[in-house]
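# Structural features, examined
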Amino acid sequence: MNQNFTLKKSKLISDLENKGINNQDILKAIQKIPRELFLSKSFWNKAYDDNALPIDCGQTISQPFTVAYMTQLLEVEKGMRVLEIGTGSGYQAILLHLLKCNVYTIERHKPLYEKAKLFFEHNKLPISCHLGDGSKGLLNHAPYNRIIVTAASPDIPEELLKQLEDNGKMVIPVGDTTSQTMYLITKKDNNFTYEEKGKFKFVPLVGEFGFSE
Ligand code: SAH
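Residues numbered from 1 in each chain as written. Predicted model: local features only at pLDDT ≥ 70, side-chain atom pairs only at ≥ 80, totals over all residues. Heavy atoms only, no water.

### A few points about the overall build of the protein
Along the backbone of the protein there are 6 helices and 9 strands. The C-alpha atoms of the protein give a radius of gyration of 16 Å, which matches the 17 Å a tight globule of 213 residues would have. Sorting the 213 residues of the protein into buried and exposed places 51% on the buried side. Within the protein, residue pairs in contact and separated by at least 24 positions form 51% of the contacts whose partners lie at least 6 positions apart. Entry remark: accessible area of the protein is about 10,500 Å², with carbon and sulfur atoms responsible for 50%. (Helix = DSSP H or I, 4+ residues; strand = E, 2+ residues; numbered from the N terminus. Rg over C-alpha atoms; globule rule 2.2 N^0.38 Å. Buried < 20%, exposed > 50% of the residue type's maximum accessible area, 1.4 Å probe, protein only. Contact = heavy atoms within 4.5 Å. Areas by Shrake-Rupley, 256 points an atom, 1.4 Å probe, with all protein chains shown as cover.)

Given below as structure tokens:
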């Protein structure tokens, strides 16, 4: 079984490289994360396919390429304060932790929040886990050097822009519930630049500054 995962993992890493992920720290971190542990056993055979897969509460663990791509766009550095909106399985938060960031993550579904929190505690991962509506950000711990929104947003919430540090960057998929454009936003001297970085499909951001239920 393990040998099987090792081979599949190596294949995934080379797939990601072929799709344009060239940040070696990200590839090395992905190599370390046992993605099967975030999935129910019935999906273990697909754990290292480059696809999104179902988790609890009708949500998904994002496609590895999407996770790697958004992380690469963020250009994180050691010690940066990073807010993730949409904890889901906890996979993306762990990747950011392995890249030596101080990670804050927020999830609106209690069962997902509790499962991820338990996983982080069990594995002694110092990831700060929160339950609530992340479309408003996480004001208590703001500002952040980086913000990553891992659910589809109808707009770019003002509140998130406010919680970004100067020289900060945010990645967020913006669109309707069927397709979104990935935006990379950079804040400098209170001015924002917006770059479009391709089309994606995420589960919706549901909340005050997201979609309604
Ligand atoms: N980053 C996750 C992917 C999760 S999918 C991973 O690595 O597995 C997106 C997640 O965003 C879902 O779990 C969904 O419940 C959550 N979400 C949607 N709207 C939210 C909101 N307003 N605040 C916090 N989490 C939200």
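### Section: the nonpolar core
Formed by 50 residues in total, the largest nonpolar core has its most connected members in Ile 21, Ile 30, Phe 120 and Val 171. Within the residue set of this core, elements represented by two or more residues are helix 1 (2-18), helix 2 (24-32), helix 3 (64-74), helix 4 (91-98), helix 5 (110-122) and strand 8 (180-188). At 7 residues, the largest contribution of residues to this core is made by helix 3. When residues no more than four places from it in sequence are discounted, the contact partners of Ile 30 are Lys 9, Leu 12, Ile 13, Leu 16, Ala 68, Tyr 91 and Leu 95. Core analysis: the next-biggest nonpolar cluster, separate from the first, contains 18 residues, Ile 106, Ala 151, Leu 160 and Leu 161 among them. (Core = buried A, V, L, I, M, F, W, Y, C linked by side-chain atoms within 4.5 Å.)

### Notes on the site of the ligand
Close to the ligand lie 26 residues; Glu 84, Ser 89, Glu 107, Gly 134 and Val 206 are nearest. Glu 84 places a side-chain nitrogen or oxygen 2.8 Å from a nitrogen atom of the ligand. A distance of 3.1 Å separates a nitrogen atom of the ligand from a polar side-chain atom of Thr 150. Here the ligand, which alone exposes 580 Å², has 99% of that area covered by the protein. Only strand 2 (60-61), helix 4 and strand 4 (102-107) provide two or more residues apiece to the shell around the ligand. For the shell around the ligand, a count of residues per class yields 9 nonpolar, 13 polar and 4 charged. (Near = heavy atom within 4 Å. Polar contact = N/O pair within 3.5 Å; in protein donor to acceptor, adjacent residues only side chain to side chain. Nonpolar A, V, L, I, M, F, W, Y, C, P; charged D, E, K, R; others polar.)

### Details of helix 4
Most of helix 4 sits inside the fold, with 7 of its 8 residues counted as buried. Within the sequence span of helix 4, burial applies to Tyr 91, Gln 92, Ala 93, Ile 94, Leu 95, Leu 96 and His 97. Once helix 4 ends, the next one or two residues include Lys 100, with phi positive near 70 degrees.

### As for the pairing of strand 5 (residues 128-131)
Of the pairings in the sheet, the one linking strand 4 to strand 5 comprises 4 bridges and is parallel in character. Within the sheet, the bridge partner assigned to Tyr 104 lies in strand 5 and is Ser 128. On the question of chirality, the crossover connecting strand 4 to the parallel strand 5 by way of helix 5 is right-handed. (Pairing = 2+ DSSP bridges. Right-handed = clockwise from strand over helix to strand, strands pointing away.)

### Looking at the pairing of strand 3 (residues 81-85)
In terms of residue burial, strand 3 counts as a mostly covered element, since 4 of its 5 residues are buried. Inspection of the sheet shows strand 3 paired to strand 4 by 5 bridges, in the parallel sense. The residue bridging Glu 84 from the neighbouring strand is Thr 105, located in strand 4. For the handedness criterion, the β-α-β arrangement of strand 3, helix 4 and strand 4 is classed as right-handed. As paired strands, strand 3 and strand 6 (residues 144-149) are joined by 4 bridges and run parallel to one another. Of the residues in strand 6, the one forming a bridge with Val 82 is Arg 146.

### Topic: helix 5
Along its 13 residues, helix 5 runs 18 Å from first to last C-alpha, staying within 8% of the 18 Å computed at 1.5 Å per residue. For helix 5, the secondary structure elements touched by its buried residues are helix 4, strand 4 and strand 5. Taken from the residues just after helix 5, Lys 124 is the one with a positive phi, measuring 50 degrees. (Expected span 1.5 Å × (residues − 1).)

### Overview of unusual backbone geometry
In this chain, Ala 142 is followed by Pro 143 through a cis amide linkage whose omega measures 0 degrees. With respect to the element layout, Pro 143 can be found in the loop between strand 5 and strand 6. One non-glycine residue, Glu 75, lies in positive phi territory at about 45 degrees. Unlike most non-glycine residues, Asn 190 shows phi in positive territory, near 65 degrees. Looking at where Asn 190 falls in the secondary structure, it is placed in the loop between strand 8 and strand 9 (191-200).

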